[in-house]
Amino acid sequence: MSEQNKTVLSFEIFPPKKDDDFDGVFSVCDKLAELHPAFISCTYGAGGSRSKKTVEVTDYIQNKLGIEAIAHMTCVGNKKEDIDAVASELKKVGVTHVLALRGDRPKDMSDEQFESREFAHASDLITYLKKNDDFKFAGACYPEKHPEAMSKRGDIANLKRKVECGASHLISQLFMDNDVYYEFQEQCLASGITVPIHAGIMPITSAKMVSTTIAMSGTSIPKAFSDLVVKYGDNNDDMRKAGVDYAIRQLQDLIDNGADGIHIYSMNKPKATKEIVDALRF
Ligand code: FAD
């Protein structure tokens, strides 16, 4: 594979859950930095909660570690002033690469509030933030379609609008079956979406993650993986190893098939992430 076609490596982390645990997250960033990712993205609490933490963590990644940081930003419950405030904080620290997201509807948001929200979709957030002409945008995409979308075709048509509004690359929801991803890739191309797509892979390191994280994301679980959970789920060490091996196989197959990028949902676990990256041949 030529240098030009090389698959880009990136990671996702989340900010500290407790206010005083920045050191723990910075140490995760330090370890991930040793794996030389092209960028590290940092999530954003639903409804903008923890937004200051996202700014602080992305500031550290970009300015202390010298690695490009992408700050996630959601808008579903926000007014323009809230978005302006976060954008201004990000600009102050020089982080201008944003993963623009609508965000999930908060449980306490009424139908009326949801229907009259100021930003209907991630594409509206991009359009609004574009007035800061030094911002660059990524968008989210869903190989199995977004849960609210009526059809894959409709979801991809909406994704195309997001790209046309200014998302210069896309990061995918996690998936566990590469064939689903390859079909999605083809459908995107056929619809005229040609920006790079970073394939999101989450190493499943415990049986509990299947009923929590995977269930929440709506990702379907292929038989090959559910068989592993049946076989190893009762033994933490064996399940961890099986989950790491599964992620390695998925990622290697993506690299071998020329994926634009692989985006590892590190879950702030640098040890498992390192084991995976060390095993990959780029
Ligand atoms: P949108 O792109 O707005 O899409 C949402 C729905 O609206 C889809 O069904 C789509 O088909 C439809 N749609 C889009 N545009 C239009 C349009 N113009 N007209 C009509 N319909 C349209 N959540 C967080 O709270 N914090 C995070 O940090 C976070 N990070 C994420 C990172 C990734 C890589 C991914 C994949 C998801 C992340 N999420 C995060 C979850 C995300 O906020 C939810 O999935 C949310 O429900 C949708 O966000 P979106 O930006 O994809 O929305």
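Residues numbered from 1 in each chain as written. Predicted model: local features only at pLDDT ≥ 70, side-chain atom pairs only at ≥ 80, totals over all residues. Heavy atoms only, no water.

### Some words on the overall build of the protein chain
- Broken down by element type, the protein chain carries eleven helices and eight strands.
- The C-alpha atoms of the protein chain give a radius of gyration of 18 Å, which matches the 19 Å a tight globule of 282 residues would have.
- Taking the principal axes of the C-alpha coordinates as reference, the protein chain spans close to 50 × 45 × 45 Å.
- Per-residue burial for the protein chain yields a buried fraction of 50% across its 282 residues.
- Partitioning the contacts of the protein chain with sequence separation of at least 6, the portion at a separation of at least 24 is 78%.
- Accessible surface computed for the protein chain: about 14000 Å², of which carbon and sulfur atoms make up 49%. (Helix = DSSP H or I, 4+ residues; strand = E, 2+ residues; numbered from the N terminus. Rg over C-alpha atoms; globule rule 2.2 N^0.38 Å. Buried < 20%, exposed > 50% of the residue type's maximum accessible area, 1.4 Å probe, protein only. Contact = heavy atoms within 4.5 Å. Areas by Shrake-Rupley, 256 points an atom, 1.4 Å probe, with all protein chains shown as cover.)

### Thoughts on helix H10 (residues 236–256)
- If you check H10, its first and last C-alpha atoms are 30 Å apart, about what 21 residues at 1.5 Å a residue would give, namely 30 Å.
- Looking at the buried positions of H10, the neighbouring elements they touch are helix H7 (178–190), strand S7 (197–201), helix H8 (207–217), helix H9 (223–232), strand S8 (261–265) and helix H11 (270–279).
- In this structure Asn235 caps H10, since a side-chain oxygen of it lies 3.0 Å from the backbone nitrogen of Asp237.
- Phi turns positive one or two residues past the end of H10, at Gly258, with a value near 75 degrees. (Expected span 1.5 Å × (residues − 1). Polar contact = N/O pair within 3.5 Å; in protein donor to acceptor, adjacent residues only side chain to side chain.)

### Observations concerning the nonpolar core
- Core analysis: the biggest nonpolar cluster contains 67 residues, and Ile13, Val57, Met73, Leu170 and Leu254 have the highest contact counts within it.
- Ranked by the residues each element gives to this core, the list is headed by helix H1 (residues 22–33), at seven residues.
- With near-sequence residues (within four places) excluded, Leu170 lies in contact with Gly139, Cys141, Leu159, Val163, Ile193, Val195, Pro196, Ile197 and His198.
- Grouped together as the second largest cluster of nonpolar side chains are 13 residues, Met209, Val210, Phe225 and Leu228 included. (Core = buried A, V, L, I, M, F, W, Y, C linked by side-chain atoms within 4.5 Å.)

### Comments concerning the side chain of Thr7
- Considering the arrangement of structural elements, one finds Thr7 in the segment before strand S1 (8–13).
- Overall, Thr7 belongs to the buried group, its relative accessible area being 5%.
- At 2.8 Å, the side chain of Thr7 forms a polar contact with the backbone oxygen of Ala259.

### Notes on the site of the ligand
- As a structural note, the neighbourhood of the ligand is formed by 25 residues, with Tyr44, Asp104, Tyr142, Asp155 and Lys162 the closest of them.
- Between the ligand and Tyr44, the relevant distance is 2.7 Å, taken from a nitrogen atom to a main-chain nitrogen or oxygen of the residue.
- Gly103 has a polar backbone atom sitting 3.2 Å from an oxygen atom of the ligand.
- Taken by itself the ligand offers 980 Å² of open surface, and the protein chains cover 85% of this.
- Among the secondary structure elements, those contributing two or more residues to the shell around the ligand are strand S3 (68–74), strand S4 (97–101), helix H5 (122–129) and helix H6 (152–165).
- Considering each element in turn, the shell around the ligand owes the most residues, four residues, to H6.
- Tallied by class, the residues present in the shell around the ligand amount to ten nonpolar, nine polar and six charged. (Near = heavy atom within 4 Å. Nonpolar A, V, L, I, M, F, W, Y, C, P; charged D, E, K, R; others polar.)

### What about the packing of helix H3 (residues 80–92) against H5?
- For the pair H3 and H5, the least separation of the axes is 11 Å and the interaxial angle reads 60 degrees. The crossing of H3 and H5 is right-handed. Along the contact surface, H3 presents Lys80, Ile83, Asp84 and Ala87, while H5 presents Leu125, Tyr128 and Leu129.
- In terms of residue class, the contact of H3 with H5 is built from five nonpolar, no polar and two charged. (Axes fitted to C-alpha atoms, helices over the stretch in contact; angles between N-to-C directions. Left-handed = near helix turned anticlockwise from the far one by under 90°.)

### Focus on empty space enclosed by the protein
- Throughout the structure, instances matching the rule amount to one cavity of 30 Å³ or more.
- Taken as a whole, the largest cavity encloses approximately 40 Å³ of empty space.
- Pro203, Thr205, Met209, Tyr265, Ser266, Met267, Lys269 and Ala272 together form the lining of the largest cavity.
- Residue classes in the lining of the largest cavity are distributed as five nonpolar, two polar and one charged. (1 Å grid on protein atoms, 1.4 Å probe; cavity = no way out; pocket = protein on both sides within 12 Å on 5 of 7 lines; lining within 4 Å. Points joined across faces, edges and corners; volume = space filled by probe spheres on them.)

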